[in-house]
Amino acid sequence: MNMQHPFDQAVALAPTAEGVYTGATSPAFANMVGPFGGVTTAVALNAVLQHPALLGEPVALTVNFCAALADGTFGATAKPVRTNRSTQHWVVELSQAGEVVMTATAMTAARRETWGVDDEPMPAVPTPHAVPDPNHTPQVEWVRRYQMRFIEGALPADWDGGGVHSQTRLWMRESAPRPLDLCGLAALADVFFPRIWLRRATRVPVGTVSMTVYFHAGSAQLAELGHGWVLGQARAQAFRNGFFDQTAQLWSEGGHLLANSHQVVYYKA
C-alpha cells in the first residue's frame, strides 16, 4: 500500500467545478498560528496547476495573507483572467466561513529555449554532508517536515538582544524523500524563520503579509534534482514601523538558481 507523502496530503485539492476546489489544513504542517505559510502558498499554486485551462508553468506567484487560516476545511478558486499567446495571468482566493483569508496572483508561461545565465552565483559553502543536523528540538510541527542544515544564521543560542545581522544560509530538503516539484519549491521559499529574530536575538510576534516567488526552474529541471539538497539564503534590508522585508535565493547543489523570493512581514516590537 502506497502512503501519500505528508506534503502532497497538505496541498491536495478536490475540484468541485472548473477552478473551484476544497481543501483542508494538515496537522503535519501546523505553525504557531494556523498552518506553515509555505504550504499555504503551495496550495495557491496547486489551484493554478490543476486548472484544465493552464498554459505553461509558473513564472511568478504573489500571495497575500489576509488572515490566519484556521484548522479545518477551506475553499479555493483559481481563475485565468487573461491568456495571451505564451503567457497567462491568474487570480486565486482561499476562503473559510464565507470570508477571504488569502488572495494571490500568478503568471504562467509557455517557456522557450533562449540564451540564459545565472547572474546571482551560488556562494561558496560547505557541502550538505559537511554540515551537521541541528541539535535543537522543533517548537512547531511543520519544522519536522524538513531537514535543515545551517551553515550560518541559525536561531540564536541566546535570546539576549545581541543580534548583529539577518543573513541565513542553510541546506534544506523535505524530511521524507520526495522529488522536488514546483509546489515543493514554492514552500521552500518560506522555510526561513523571521529575520527579526536573528537580527535582534529577541522573540517578537510576527506574520508574513505578502510573499512573491519567482521561478527560474521548470518542472523538467526540478525532476532532474530528485530528492536533492537545496541551498537557501535569506536576509532582510530594513526593519521599520512594524514591517520588515526578506529577500531569498534558492540554488540546486549544482549551483543553478532555482527561484528567488521577496516578502514583507509584520512584527510587533
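Further up the page is the structure itself.
Okay, so let's go over this structure. (Residues numbered from 1 in each chain as written. Predicted model: local features only at pLDDT ≥ 70, side-chain atom pairs only at ≥ 80, totals over all residues. Heavy atoms only, no water.)

1. Considering the side chain of Thr 212
Okay, step 1: Mapped onto the elements, Thr 212 comes out in strand S9 (residues 206-215).
Okay, step 2: At a separation of 2.7 Å, a polar atom in the side chain of Thr 212 contacts the side chain of Thr 62. (Helix = DSSP H or I, 4+ residues; strand = E, 2+ residues; numbered from the N terminus. Polar contact = N/O pair within 3.5 Å; in protein donor to acceptor, adjacent residues only side chain to side chain.)

2. Overview of empty space enclosed by the protein
Okay, step 1: In this structure the tally under the stated criterion is 2 cavities of 30 Å³ or more.
Okay, step 2: Of the pockets and cavities examined, the largest cavity occupies roughly 60 Å³.
Okay, step 3: Contributing to the lining of the largest cavity are Ala 10, Ala 24, Thr 25, Ser 26, Phe 29, Pro 35, Val 39, Thr 40, Val 43 and Leu 69.
Okay, step 4: Take the lining of the largest cavity: its biggest share by element is 3 residues, from helix H2 (residues 37-49).
Okay, step 5: By residue class, the composition of the lining of the largest cavity is 7 nonpolar, 3 polar and no charged.
Okay, step 6: Considered as a void within the structure, the second largest cavity measures approximately 50 Å³ in volume.
Okay, step 7: Looking at the lining of the second largest cavity residue by residue, the classes come out as 3 nonpolar, 3 polar and 3 charged. (1 Å grid on protein atoms, 1.4 Å probe; cavity = no way out; pocket = protein on both sides within 12 Å on 5 of 7 lines; lining within 4 Å. Points joined across faces, edges and corners; volume = space filled by probe spheres on them. Nonpolar A, V, L, I, M, F, W, Y, C, P; charged D, E, K, R; others polar.)

3. A look at unusual backbone geometry
Okay, step 1: The backbone phi angle of Ala 97 is positive, close to 50 degrees, even though this residue is not glycine.
Okay, step 2: Inspection of the secondary structure assignment puts Ala 97 in the loop between strand S5 (87-96) and strand S6 (99-109).
Okay, step 3: Classification of Ala 97 as exposed rests on a relative accessible area of 85%.
Okay, step 4: For Ala 201, which is not glycine, the phi torsion reads 50 degrees and is therefore positive.
Okay, step 5: Tracing the backbone through its elements, the reader meets Ala 201 in the loop between helix H4 (195-200) and S9. (Buried < 20%, exposed > 50% of the residue type's maximum accessible area, 1.4 Å probe, protein only.)

4. Describing the pairing of strand S13 (residues 257-267)
Okay, step 1: With 8 of 11 residues buried, S13 is to be regarded as a mostly interior element.
Okay, step 2: The pairing of S9 with S13 spans 9 bridges and is classified as antiparallel. Residue Phe 215 lies in a different strand from S13, and its bridge partner there is Ala 259.
Okay, step 3: Pairing geometry for strand S12 (residues 243-252) and S13, over 9 bridges, is antiparallel. Within S13, the position partnered with Gln 249 by the bridge is Asn 260.
Okay, step 4: Here S12 folds back onto S13, and the loop between the two strands holds 4 residues, one of which, Gly 255, carries a positive phi near 95 degrees. (Pairing = 2+ DSSP bridges.)

5. Digging into the nonpolar core
Okay, step 1: In terms of nonpolar packing, the biggest core is built from 66 residues, with Phe 7, Phe 29, Trp 142, Tyr 146 and Leu 250 touching the most fellow members.
Okay, step 2: When residues of this core are assigned to their parent elements, the largest contribution, 7 residues, is made by H2.
Okay, step 3: The residues contacting Leu 250, other than those within four sequence positions of it, are Met 172, Leu 185, Leu 188, Ala 189, Phe 192, Val 230, Leu 231, Gly 232, His 256, Leu 257, Leu 258 and Ala 259.
Okay, step 4: The next biggest cluster of nonpolar side chains, apart from the first, holds 7 residues, and it includes Val 125, Leu 231, Trp 251 and Leu 257. (Core = buried A, V, L, I, M, F, W, Y, C linked by side-chain atoms within 4.5 Å. Contact = heavy atoms within 4.5 Å.)

6. A short note on the side chain of Asp 190
Okay, step 1: Within the element layout of this structure, Asp 190 appears in the loop between helix H3 (182-188) and H4.
Okay, step 2: This buried residue, Asp 190, is left without a salt bridge; Arg 195 holds the nearest opposite charge, at 9.2 Å.
Okay, step 3: Those residues in contact with Asp 190 that lie beyond four places of it in its chain are Phe 36, Gly 37, Gly 38, Thr 208, Met 211 and Gln 263. (Lys, Arg positive; Asp, Glu negative; His and termini not counted. Salt bridge = Lys/Arg side-chain N within 4 Å of Asp/Glu carboxyl O.)

7. Description of the packing of aromatic side chains
Okay, step 1: Taken as a whole and assessed by the stated rule, the structure comprises 10 aromatic pairs.
Okay, step 2: With 6.3 Å between their ring centres and 45 degrees between their planes, Phe 150 and Phe 193 make a pair best called tilted. Here Phe 150, found in strand S7 (residues 146-152), pairs with Phe 193, found in the loop between H3 and H4; they are 43 residues apart in sequence, far enough to count as distant.
Okay, step 3: Judged by relative accessible area, Phe 150 falls into the buried class, the value being 19%.
Okay, step 4: Both rings, one in Phe 243 and one in Tyr 266, keep their centres 6.1 Å apart while their planes meet at 70 degrees; by these two values the pair is edge-to-face. Placement of the pair is Phe 243 in strand S12 and Tyr 266 in strand S13, with a sequence separation of 23 residues.
Okay, step 5: We classify Phe 243 as partly exposed; its relative accessible area is 41%.
Okay, step 6: One aromatic cluster is present, formed by Phe 7, Phe 29, Phe 36, Trp 142 and Tyr 146 through successive ring pairs.
Okay, step 7: Positioned over the ring face of Phe 193 is Arg 195, at 4.8 Å from the centre of the ring. (Phe/Tyr/Trp six-rings, centres within 6.5 Å; stacked < 30°, edge-to-face > 60°. Lys NZ or Arg CZ within 6 Å of the ring centre and 35° of its normal.)

Such coordinate-based values are descriptive only and should not be taken to indicate function.
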